[in-house]
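Per-entry structural report
This is what each chain is made of:
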Amino acid sequence: MTLSPTARWTTGWLLAAGWALSFPLFSSLAPHRLWGWCAAAGYLGAAAATALGRRRTALTAALLGAVAVPLLWLVLTGQGQSEVTVIERSGRLLLDSGRLYVDRPAHVEEYTPYLPGMALLGVPRALLGGDGSGDGWVVRLLGDARIWCAAALFGCLWAARRLLGGGPAGGRGDGPGRLLLPVLVASPVVALPLAVSGVDLPLAGLCCLALAAAASGRPVLTGAALAGACALKWTALPAVAVALALLAVLRGGRPAVRCALVAAGGTALPVLPAALLQPAELWRQVFAFPTGRAPVPTPASSPLPGRLLTELGPWGWYLAVGLLLSGGLAVALSLLARPPRTVVAAADRLALGLTLAFLLAPAGRFGYLALPVLLAVWARSVAVPGVSRVVTGSFRLRPSDGGRPRARRGRPGGISPDGPRTSGG
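Observations concerning the overall build of the chain
- When you go through the chain residue by residue, the secondary structure sums to 18 helices and two strands.
- Considering only contacts within the chain whose residues lie at least 6 apart along the sequence, 70% involve residues at least 24 apart.
- When the accessible surface of the chain is summed, it comes to about 19,600 Å², and 68% of that surface belongs to carbon and sulfur atoms.

Given below as structure tokens:
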């Protein structure tokens, strides 16, 4: 028996509520428990509203309960995961001394497993001068790194939608694809990290922006977005390969090379000074610590395959790394043999590569898998069902023309200079 759309949405919100309730019951982290209570209430409200046929009210209830209320409460009360403090400390060190890392860290809280770009998100706290204890609500709100992580994510997603023709001039009304992204933000996949840490959100947003820029034929913007992502975390490197493959198949080799040069130069600009000032700490904290090779064990210890292999002994770590490199090589070969030609295909390929990386890495968390999910859902939220975003030769297909070829002038190949268009374009 096939469930009706109302029944499916109601079931989905109820499942999300059950997932959220598991945090107050089993988590030892206070921010997670608070998020769980708030999110469960929002999801239950969303389920009730959906059952009554009020889908917009349901989405509003979910966003309030899972995102707005817990985020504001945790920010204004100064609660959050340790990653928030780490980012804000990096921003303070950057302004005070130009250095980013604590020398010879002795405790896990003193490690900064991020590249220098992440410190920029902690600069507002340093500029406002708050110490986190007796700050006013304005300082707490504007200085909290989670707010800037969220701003980076939503700013990148907005820009990506504009590049792909999904803005006001090219909107698609209230179709189901347009609701995918708000539903994703309200879901536990994004709402939980958004409220308690936010650290992976800028990376996700920049990856989406890079794919959108590549699909719309903008090599410089693609390279700049990739540089921003690679300056945050080295796990952004798979996005470089996928975006270059997409750009090369749509626009040719020269734009891809131009993009690669911009990405390399933009990444080196913030990373090279840190590598020169603190080479040992950069290696120890950014590369050795996340992979379980630092003196202090990483807290990223979810029972994923790579982590389980490392528990078998020293050879298990090398086996996990070998499998990780093999997975990366397989994805790279797939890009050469069958390069992606649409935003959806590129996002899926990147999601696959990141999923393999997170599963096979010697250390990891289940929460890391939110990034591949976000990429796959985002791509479908900006795609037009039944219409390819790839345009080759001297013609392009426009939905408003009923799929009939329409002659183009001025550019013999690739896609139009103003990017792919939707039915409103």
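Some thoughts on unusual backbone geometry
- Positive phi values are uncommon outside glycine, yet Arg104 reaches one of about 50°.
- Among the structural elements, Arg104 can be located in the loop between helix H4 (82–97) and helix H5 (123–128).

Remarks on the pattern of salt bridges
- In this structure the tally under the stated criterion is eight salt bridges.
- Note that Arg365 is salt-bridged to Glu83, the shortest N-O span being 3.0 Å. One end of the pair, Arg365, is in the loop between helix H17 (343–360) and helix H18 (370–382); the other, Glu83, is in helix H4, and 282 residues separate them in sequence.
- Take Glu83: its relative accessible area is 9%, and that puts it in the buried class.

With respect to a nonpolar patch on the surface
- Taken together, Leu72, Leu76, Leu128, Trp137, Val138, Leu142 and Trp148 make up a surface patch of nonpolar side chains, about 650 Å² in accessible area.
- Counting only elements with at least two residues in the nonpolar patch, the list comes to helix H3 (55–76) and helix H6 (137–143).
- Per element, the largest residue contribution to the nonpolar patch is three residues, and it comes from H6.
- On the basis of relative accessibility, which here comes to 36%, the residue Leu76 falls in the partly exposed class.

Re H17
- Over its 18 residues, H17 runs 26 Å from end to end, which matches the ideal 26 Å to within 8%, given 1.5 Å per residue.
- Among the residues making up H17, those that are buried are Val343, Val344, Ala346, Ala347, Arg349, Leu350, Ala351, Gly353, Leu354, Phe358 and Leu360.

Considerations on the environment of Ala245
- In this structure, Ala245 sits in helix H12 (residues 237–251).
- Separated by 101 residues in sequence, Ala245 and Ala346 place their C-alpha atoms 8.5 Å apart.
- The contacts of Ala245, once residues within four sequence positions are left out, are Leu335, Pro339 and Pro340.

So, the nonpolar core
- Residues Trp13, Trp35, Tyr43 and Trp378 are the most contacted members of the largest nonpolar core, which totals 93 residues.
- Per-element accounting of this core gives the leading share, 13 residues, to helix H10 (residues 201–215).
- In contact with Trp35, other than residues within four places in its own chain, are Ala20, Phe23, Tyr43, Ala66, Pro70, Pro188, Ala191, Leu192 and Ala195.
- Counting residues in each nonpolar core, the second largest holds seven residues, with Leu100, Tyr101, Leu115 and Leu282 among its members.

Focus on the environment of Thr291
- Tracing the backbone shows Thr291 in the loop between helix H14 (279–288) and helix H15 (305–310).
- On the basis of relative accessibility, which here comes to 17%, the residue Thr291 falls in the buried class.
- With 71 residues separating them in the primary sequence, Thr291 and Pro362 have C-alpha atoms 5.4 Å apart.
- Discounting residues that sit within four places of it in the chain, Thr291 has contacts with Trp234, Trp317 and Pro362.
- Engagement of the side chain of Thr291 in a polar contact is seen with the backbone oxygen of Phe287, the distance being 2.8 Å.
- At a separation of 3.1 Å, a polar atom in the side chain of Thr291 contacts the main-chain carbonyl oxygen of Ala288.

Observations regarding the packing of helix H7 (residues 145–163) against H10
- H10 packs onto H7 with a crossing angle of 15° between their chain directions and a minimal axis gap of 8 Å. Between H7 and H10, the angle falls in the class roughly parallel. Crossing geometry of H7 relative to H10 is assigned as left-handed. The segment H7 lies against H10, with Cys149, Ala152, Leu153, Cys156, Leu157, Ala159, Ala160 and Leu163 engaging Leu201, Pro202, Ala204, Gly205, Leu206, Cys208, Leu209, Ala212 and Ala213.
- Residues that form the contact of H7 with H10 fall into these classes: 16 nonpolar, one polar and no charged.

Analysis parameters
Residues numbered from 1 in each chain as written. Predicted model: local features only at pLDDT ≥ 70, side-chain atom pairs only at ≥ 80, totals over all residues. Heavy atoms only, no water. Helix = DSSP H or I, 4+ residues; strand = E, 2+ residues; numbered from the N terminus. Contact = heavy atoms within 4.5 Å. Areas by Shrake-Rupley, 256 points an atom, 1.4 Å probe, with all protein chains shown as cover. Salt bridge = Lys/Arg side-chain N within 4 Å of Asp/Glu carboxyl O. Buried < 20%, exposed > 50% of the residue type's maximum accessible area, 1.4 Å probe, protein only. Patch = residues over 30% accessible without salt bridge, like charges linked within 9 Å, V, L, I, M, F, W, Y side chains within 5 Å. Expected span 1.5 Å × (residues − 1). Core = buried A, V, L, I, M, F, W, Y, C linked by side-chain atoms within 4.5 Å. Polar contact = N/O pair within 3.5 Å; in protein donor to acceptor, adjacent residues only side chain to side chain. Axes fitted to C-alpha atoms, helices over the stretch in contact; angles between N-to-C directions. Parallel < 35°, antiparallel > 145°, perpendicular 65-115°, else oblique. Left-handed = near helix turned anticlockwise from the far one by under 90°. Nonpolar A, V, L, I, M, F, W, Y, C, P; charged D, E, K, R; others polar.

As far as function goes, none of this settles anything; it's purely spatial.
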